[in-house]
Amino acid sequence: MHYIMTFVWSFLLVSMLNYVAGSIVGAEFDFMAGVTVSVVLAIIVLIITAIIPNDAPADV
């Protein structure tokens, strides 16, 4: 479920950014570009979460 929600949120945010930036520039909305970038973003986010440790900070 974690992987699915990561993709869903990345898809929604990248599609919104693609639409808004395209509207500002005056370009057409390209759905497949948004899907491609959202898949790449989801993979990057999942890699970053795998690298960051889950341990609690040590008390000094």
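Below: a short report on this structure. Quick caveat, the model's predicted, so the values are computed rather than measured.

Overview of the overall build of the chain
Consideration 1: Broken down by element type, the chain carries 2 helices and 0 strands.
Consideration 2: The C-alpha atoms of the chain give a radius of gyration of 16 Å, which is well past the 10 Å a tight globule of 60 residues would have.
Consideration 3: Taken over the C-alpha atoms alone, the chain extends approximately 55 × 25 × 15 Å along its principal axes.
Consideration 4: Considering the chain as a whole, with its 60 residues, one finds that 15% of them fall into the buried category.
Consideration 5: By element, 76% of the accessible surface of the chain is carried by carbon and sulfur atoms, the whole surface being about 5100 Å².

Conventions we followed
Residues numbered from 1 in each chain as written. Predicted model: local features only at pLDDT ≥ 70, side-chain atom pairs only at ≥ 80, totals over all residues. Heavy atoms only, no water. Helix = DSSP H or I, 4+ residues; strand = E, 2+ residues; numbered from the N terminus. Rg over C-alpha atoms; globule rule 2.2 N^0.38 Å. Buried < 20%, exposed > 50% of the residue type's maximum accessible area, 1.4 Å probe, protein only. Areas by Shrake-Rupley, 256 points an atom, 1.4 Å probe, with all protein chains shown as cover.

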